[in-house]
Amino acid sequence: MNGKKGSVEIDIPPPNKAKQPEDGNKSGFQGFPCKAWIWSAWEFCKDDVDRVIFSFKVGLAVLLVSLLILLRGAYEIFGTNIIWSIITVAIMFEYTVGETFNRGFNRALGSLLAAILAIAVGQLAQLTGRIAEPIIIGLSIFLIAGAITSFVKLWPSLVPYEHGFRVIIFTYCFIIVSGYRMGNPIRTSMDRLYSIAIGGFVAAFVNVLVFPMWAGEQLHEELVNSFNSLADSLEECVKKYLEDEELNQAEFSEKVMDEFPDEPAYRKCRTTLNSSAKLESLADASKWEPPHGRFRNFFYPWSEYVKVGAVLRYCAHEVMALHGVLHSEIQAPYNLRIAFQSEIQDAANQAAELVRSLGKDIWNMKRSLKTSLLNRVHSSTERLQRVIDMHSYLLTPHYDLPDNSSNPLPKLSHVLPTTPYDFLDQEDDVCSTNHEKSSNHLTQNLTGSYYEMIRKQSRRLNSWPSSEVDPFEKGGGSRIGILPQMRAVKSTAALSLTTFTSLLIEFVVRLDHLVEAVDELSKMAKFKHEDL
């Protein structure tokens, strides 16, 4: 047909060129490789073996209550109501012993209240006759199981018992409806209460006796890990600030405000700041646990762990602020940072040592006086403050024109120098008479890095100072307009170091509150007293 007028050519690919499956090992579910899924599951199990143990414990508990259905004798006693045992295990069984007891208490109390209400309403409905009975039952379901219970569970002080109110809703409906059809609400409610009690007993028995996972142990370990993470974050942040000659400022983006995946210091500090909900959840669950292990005291002060965690996060905010200075756009030059290295490093190390020591005391459940450590921390901080005060002229550079206005200023070329170093040399010639001899050498070493910073920042529209065109690349300009800008950026960059040291000093001040919180915990928990 190709030779005829108006013919259409259709290219049909040969059968052997048809698209073949890319990988024969891929499963039919969304095309994910089976090997990759197995490897991911293996890594998930290796990360926390307790997850695997918890899964087997749930399987064991469900198997035990299922035997009541498989065995004819138990099934003849309870009938189909025995299925409530399986439902109770599935709902009540939680990761830790404390959470299981808490959930079991809510379920038991909710089931008991629902049964009492259902029996009372059912008996009252039977007395009204066959016509009014379904109407009364329907109204009770709407009011008791629906509106009133749903409203009460939203009350702020009753939020911890929210699961119990949910149990009231569906248990009340099941009992009163089945009692209406079967004609014996008391027998129905009692059989289901027995089944729920059996399921709750099996869940508690398995969770306590088979590799128990105590919420108190996890809370204790989580708080100690937060202490160590905070100390590591402080040391790593200060170390990077002092050792990196050229700090890498990432371009502004959404990720800059959210995460720095390659920095352990940031991740550890963020974990500490986000530990509030976990500590509160573990503390609430620990209150339901009986004395166990190292925590043999009744009414152990688990709530104090939450208070110590709050003060610890109060200190972690300062470390996060130090990290923000580390990644700020305006940075003090390396030569200026290194001039105060010894004092900054000593203050950070002493503070980190104190934080680790507090965490170690909590882990060992010992109470020791931190007077010597606290004195060393304050001494190193005071030494840093004195050094900053003595060399404040390095952090606030200023240049004053001669007081005698009759003396003409040195002549500058009509065209600005083409290299930054020529320009800075001229500026040093103009202002050299106003420098102190002790700071002259250091200031000359820092001018090059200041100038390079100005050139990079002035190219950005939203940076400080805001400028679309580099003022040093313009064809002209006045000495009066450029020199103040140069001096302002110098002063701002030098003050970046002042900000960093101020945050470090503020962190040390907040450590006093942390020491007091840990001491209060040790008193209430009756830690073993040990003098240093």
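As the structure is a computational prediction, the values presented were derived from the model and not from experiment.

1. Some words on the UniProt feature "transmembrane region" (unreviewed entry) in the protein
(1) Moving on: As recorded in UniProt, the sites labelled "transmembrane region" (unreviewed entry) are residues 52-71, 78-96, 108-127, 134-152, 164-181 and 193-215.
(2) Moving on: End C-alpha to end C-alpha, residues 52-71 measures 29 Å, and it is 95% helix and 0% strand.
(3) Moving on: As annotated, residues 134-152 comprises 100% helix and 0% strand, and the C-alpha atoms at either end are separated by 25 Å.

2. Details of the packing of helix 15 (residues 341-364) against helix 16 (residues 371-390)
(1) Moving on: Following both chains from N to C, one finds helix 15 and helix 16 inclined at 160 degrees, their axes separated by 9 Å at the closest point. Here helix 15 is positioned roughly antiparallel relative to helix 16, judged by the angle of their axes. Note on packing geometry: the crossing formed by helix 15 with helix 16 is left-handed. Contact residues: Glu-343, Ile-344, Asp-346, Ala-347, Gln-350, Ala-351, Glu-353, Leu-354 and Ser-357 in helix 15; Leu-373, Leu-374, Arg-376, Val-377, Ser-380, Arg-383, Leu-384 and Val-387 in helix 16.

3. Some points on the side chain of Thr-88
(1) Moving on: Summarising the element assignment, Thr-88 is placed in helix 4 (residues 83-92).
(2) Moving on: Look at Thr-88 and you get buried, because its relative accessible area is 1%.

4. Quick look at the environment of Asp-50
(1) Moving on: Tracing the sequence through the fold places Asp-50 in helix 2 (residues 49-70).
(2) Moving on: Residues Asp-50 and Met-213, 163 residues apart in the sequence, show an inter-C-alpha distance of 8.1 Å.
(3) Moving on: Excluding its chain neighbours within four sequence positions, the residues that come into contact with Asp-50 are Tyr-95 and Met-213.

5. Considering the confidence of the model for the protein
(1) Moving on: In this model, the protein carries an average pLDDT of 75, and 70% of its residues clear a pLDDT of 70 or more.
(2) Moving on: Per-element confidence in the protein ranges from a low mean pLDDT of 39 for helix 18 (residues 420-431) to a high of 93 for helix 15.
(3) Moving on: Within the model, the stretch residues 17-29 combines pLDDT values under 50 with five contacts to residues more than four positions away or in other chains.
(4) Moving on: Overall, residues 399-451 carries pLDDT values under 50, and its contacts beyond four positions in sequence, including any with other chains, amount to 56 contacts.

6. Structural notes on the pattern of salt bridges
(1) Moving on: Evaluated as defined, the whole model comprises 18 salt bridges.
(2) Moving on: Between Arg-294 and Glu-217 there is a salt bridge whose closest N-O contact spans 3.8 Å. Here the residue Arg-294 occupies a position in the loop between helix 12 (276-286) and helix 13 (302-326), and Glu-217 occupies one in helix 9 (residues 215-243), the gap between them amounting to 77 residues.
(3) Moving on: Close ionic contact of Asp-232 with Arg-356 constitutes a salt bridge, the shortest N to O distance being 2.5 Å. Taken as a pair, Asp-232 in helix 9 and Arg-356 in helix 15 lie far apart in primary sequence, 124 residues in all.
(4) Moving on: Overall, Asp-232 belongs to the partly exposed group, its relative accessible area being 22%.
(5) Moving on: Take Arg-356: its relative accessible area is 27%, and that puts it in the partly exposed class.
(6) Moving on: Here the salt bridges share partners, and the residues they tie into one network are Asp-232, Glu-235, Glu-236, Lys-268 and Arg-356.

7. Overview of the side chain of Thr-100
(1) Moving on: One can find Thr-100 in helix 5 (residues 97-127).
(2) Moving on: What makes Thr-100 buried here is its relative accessible area of 1%.
(3) Moving on: Here Thr-96 takes part through its backbone oxygen, which lies 2.9 Å from a polar atom of the side chain of Thr-100.
(4) Moving on: Those residues in contact with Thr-100 that lie beyond four places of it in its chain are Met-92, Phe-93, Glu-94 and Asn-207.

8. So, the packing of aromatic side chains
(1) Moving on: If you walk through the whole model with that rule in mind, you get twelve aromatic pairs.
(2) Moving on: On the basis of an interplanar angle of 25 degrees and a centroid distance of 6.0 Å, the ring pair of Phe-201 and Phe-205 is categorised as stacked. In this pair, Phe-201 and Phe-205 both sit in helix 8 (residues 185-209), four residues apart, roughly one turn of the helix.
(3) Moving on: Judged by its relative accessible area of 58%, Phe-201 is exposed.
(4) Moving on: A ring pair is formed by Phe-295 and Trp-302, whose centres lie 5.0 Å apart and whose planes are at 55 degrees; its orientation type is tilted. Comparing Phe-295 with Trp-302, the two get one shared label, buried.
(5) Moving on: Every member of this aromatic cluster is reached through a ring pair, and the members are Phe-295, Tyr-300, Trp-302 and Tyr-305.
(6) Moving on: One Lys or Arg, Arg-294, reaches over the ring of Trp-363 and ends 5.0 Å from the middle of that ring.
(7) Moving on: The positively charged end of Arg-510 is found above the aromatic ring belonging to Tyr-314, 3.8 Å away from the centroid.

9. So, the packing of helix 5 against helix 6 (residues 132-152)
(1) Moving on: Contact geometry for helix 5 and helix 6: axes closest at 8 Å, N-to-C directions at 150 degrees. With respect to their mutual orientation, helix 5 and helix 6 come out roughly antiparallel. The way helix 5 lies across helix 6 gives a crossing that is right-handed. Contact residues: helix 5 offers Leu-117, Val-121, Ala-125 and Gln-126, while helix 6 offers Glu-133, Ile-136, Ile-137, Ser-140 and Ile-144.
(2) Moving on: Considered class by class, the residues forming the contact of helix 5 with helix 6 number six nonpolar, two polar and one charged.

Conventions we followed
- Residues numbered from 1 in each chain as written.
- Predicted model: local features only at pLDDT ≥ 70, side-chain atom pairs only at ≥ 80, totals over all residues.
- Heavy atoms only, no water.
- UniProt positions renumbered as here; feature names shortened; annotations may be inferred.
- Helix = DSSP H or I, 4+ residues; strand = E, 2+ residues; numbered from the N terminus.
- Axes fitted to C-alpha atoms, helices over the stretch in contact; angles between N-to-C directions.
- Parallel < 35°, antiparallel > 145°, perpendicular 65-115°, else oblique.
- Left-handed = near helix turned anticlockwise from the far one by under 90°.
- Contact = heavy atoms within 4.5 Å.
- Buried < 20%, exposed > 50% of the residue type's maximum accessible area, 1.4 Å probe, protein only.
- pLDDT = per-residue confidence, 0-100.
- Salt bridge = Lys/Arg side-chain N within 4 Å of Asp/Glu carboxyl O.
- Polar contact = N/O pair within 3.5 Å; in protein donor to acceptor, adjacent residues only side chain to side chain.
- Phe/Tyr/Trp six-rings, centres within 6.5 Å; stacked < 30°, edge-to-face > 60°.
- Lys NZ or Arg CZ within 6 Å of the ring centre and 35° of its normal.
- Nonpolar A, V, L, I, M, F, W, Y, C, P; charged D, E, K, R; others polar.

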